[in-house]
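Below, each chain spelled out in residue letters.
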Amino acid sequence: MKVTTVAGAGLLAFGVLALAGGGTAAWNSARFLETAVTAAGVVTDLVPKRDSEGDVLYSPKVHFRDREGRSVVFVPNMSSRPPAYEVGERVEVLYAPGHSEDARLQGFFSQWGAPLIAGVLGVILCVVGAGFLLWPRWKARKVAWLRNNGRKVAAEPVEVVLDHSISINHRHPYRIVCQWRDPASGETHVFRSDALWTDPGPMLGHQPLTVWVAPDDPRRYHVELPFLKES
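As the structure is a prediction and not an experimental result, all values here were calculated from the model. (Residues numbered from 1 in each chain as written. Predicted model: local features only at pLDDT ≥ 70, side-chain atom pairs only at ≥ 80, totals over all residues. Heavy atoms only, no water.)

Undergrad: Just checking my understanding: could you explain the overall build of the chain for this structure?
TA: When you go through the chain residue by residue, the secondary structure sums to three helices and 10 strands. Written out in order from the N terminus, the α and β elements of the chain read α-β-β-β-β-β-α-β-β-β-α-β-β. Relative to the 2.2 N^0.38 estimate, which gives 17 Å for 231 residues, the radius of gyration of the chain is 29 Å and therefore markedly larger than a compact globule would have. Long-range pairs, those at least 24 residues apart, make up 57% of the contacts in the chain with a sequence separation of at least 6. Approximately 14,400 Å² of the chain is accessible, and the part contributed by carbon and sulfur atoms is 56%. Computing the positive centroid from 25 side-chain charges and the negative centroid from 23, the chain places the two 5 Å apart. (Helix = DSSP H or I, 4+ residues; strand = E, 2+ residues; numbered from the N terminus. Rg over C-alpha atoms; globule rule 2.2 N^0.38 Å. Contact = heavy atoms within 4.5 Å. Areas by Shrake-Rupley, 256 points an atom, 1.4 Å probe, with all protein chains shown as cover. Lys, Arg positive; Asp, Glu negative; His and termini not counted. Charge placed at Lys NZ, Arg CZ, Asp CG, Glu CD.)

What follows is the structure in structure tokens.
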């Protein structure tokens, strides 16, 4: 199975999961807001937390009294640097009747931040994943068109290079660089093969490589590699 297919399927699966999680979070927030009541709270402290990179972020510790007169202290699942709140600052609190221990701060991001982030991430992953899955089909159409309409030239292999613009699991693919001199114009054109996940150097040799070039644009081409299994 090609690397692009595996990567595309994985990204698409994670994207669907993120969208499902975002939808569930949005539904829960909507249900919460239907019955939530408000209360006046105050920030009593700033709780330091370390993120995955070791930076210190701050979350507000909030105190309020619910309708039954119970004293409630909670720390919302949000943190920032610099702190978004100050000690002593008055805030508005939302909670479901009878469940004041699960209170939230009033505000758009407090209610919809998690669904929004999950939704945006899910859309991005789905789009990128679908692109990876559709890429081989688009590539096959392009190659078929070039073979039917393009010019067949023999290009001399120059070198094998690593493509550092692509990285999967900290690995970079190889590309074969070859060149062809147009006898009509005298201009030299450089071509690069598709990404290869095994080093083609030992099998390359010195024989010219077949390249199909679009008749109206030498930047549109395909390097044929019949001796390799391309990824």
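Picking up after the structure, the text goes on.
Undergrad: Explain the pattern of salt bridges here, please?
TA: Under the criterion given, the structure shown has eight salt bridges. The partner of arginine 70 in a salt bridge is aspartate 66, with the nearest N and O atoms 3.0 Å apart. Relative accessible area serves as the criterion here: at 6%, aspartate 66 is assigned to the buried category. The partner of aspartate 217 in a salt bridge is arginine 219, and the shortest N-O contact between them spans 3.1 Å. Judged by relative accessible area, arginine 219 falls into the exposed class, the value being 72%. Linked by salt bridges that have partners in common, Asp66, Glu68 and Arg70 make up one network. (Salt bridge = Lys/Arg side-chain N within 4 Å of Asp/Glu carboxyl O. Buried < 20%, exposed > 50% of the residue type's maximum accessible area, 1.4 Å probe, protein only.)

Undergrad: Even after reading the chapter, I still don't get the sheet that holds strand 10 (residues 217-223), so can you show me in this structure?
TA: To summarise the sheet geometry, strands pair through backbone hydrogen bonds and adopt either a parallel or an antiparallel arrangement. If you trace the five strands from one edge of the open sheet to the other, you get 8-7-6-9-10, paired in antiparallel fashion. Two strands lie at the open edges of the sheet, namely strand 8 (188-192) and strand 10, each paired on one side alone. Ignoring which end each strand starts from, the neighbouring axes of this sheet average 40 degrees apart. Pairing of strand 7 (residues 174-181) with strand 8, which is carried by five bridges, proceeds in the antiparallel orientation. The partner of valine 177 across the bridge, within strand 8, is arginine 192. Strands in contact with helix 2 (residues 108-149) are strand 6 (151-162), strand 9 (209-214) and strand 10; relative to strand 10, the strand with the most contacts, it is inclined by about 110 degrees. (Pairing = 2+ DSSP bridges. Axes fitted to C-alpha atoms, helices over the stretch in contact; angles between N-to-C directions.)

Undergrad: Help me understand the nonpolar core in this model?
TA: The nonpolar side chains of soluble globular proteins are, as a tendency, buried together. Judged by nonpolar contacts, the single largest core of 14 residues is most densely connected at Cys178, Phe191, Leu209, Val211 and Val223. Mapped by element, the contributors of at least two residues to this core are strand 6, strand 7, strand 9 and strand 10. With residues near it in sequence (within four places) discarded, phenylalanine 191 still touches Ala155, Ile176, Val177, Cys178, Trp180, Val211, Val213, Pro218, Tyr221 and Val223. (Core = buried A, V, L, I, M, F, W, Y, C linked by side-chain atoms within 4.5 Å.)

Undergrad: What am I meant to see in the packing of aromatic side chains here?
TA: Each aromatic ring pair is described using two quantities: the centre-to-centre distance and the angle formed by the ring planes. The tally for this structure, following the rule as stated, stands at four aromatic pairs. Ring geometry for phenylalanine 64 and phenylalanine 74: centres 5.9 Å apart, planes at 80 degrees, overall edge-to-face. In this pair, phenylalanine 64 sits in strand 2 (residues 56-65) while phenylalanine 74 sits in strand 3 (residues 71-74), placing the two residues 10 residues apart along the sequence. Classification of phenylalanine 74 by relative accessible area gives buried; the value is 7%. Put simply, the rings of Phe64, Phe74 and Tyr95 pair up and form one aromatic cluster. (Phe/Tyr/Trp six-rings, centres within 6.5 Å; stacked < 30°, edge-to-face > 60°.)

Undergrad: I would appreciate a short explanation of unusual backbone geometry in the present structure.
TA: When glycine is set aside, most residues are seen to have a negative phi, and most peptide bonds are trans. Of note, the bond from arginine 81 into proline 82 is cis; its omega dihedral lies within 30 degrees of zero at 0 degrees. Looking at where proline 82 falls in the secondary structure, it is placed in the loop between strand 3 and strand 4 (90-96).

Shape descriptors only; they carry no functional weight alone.
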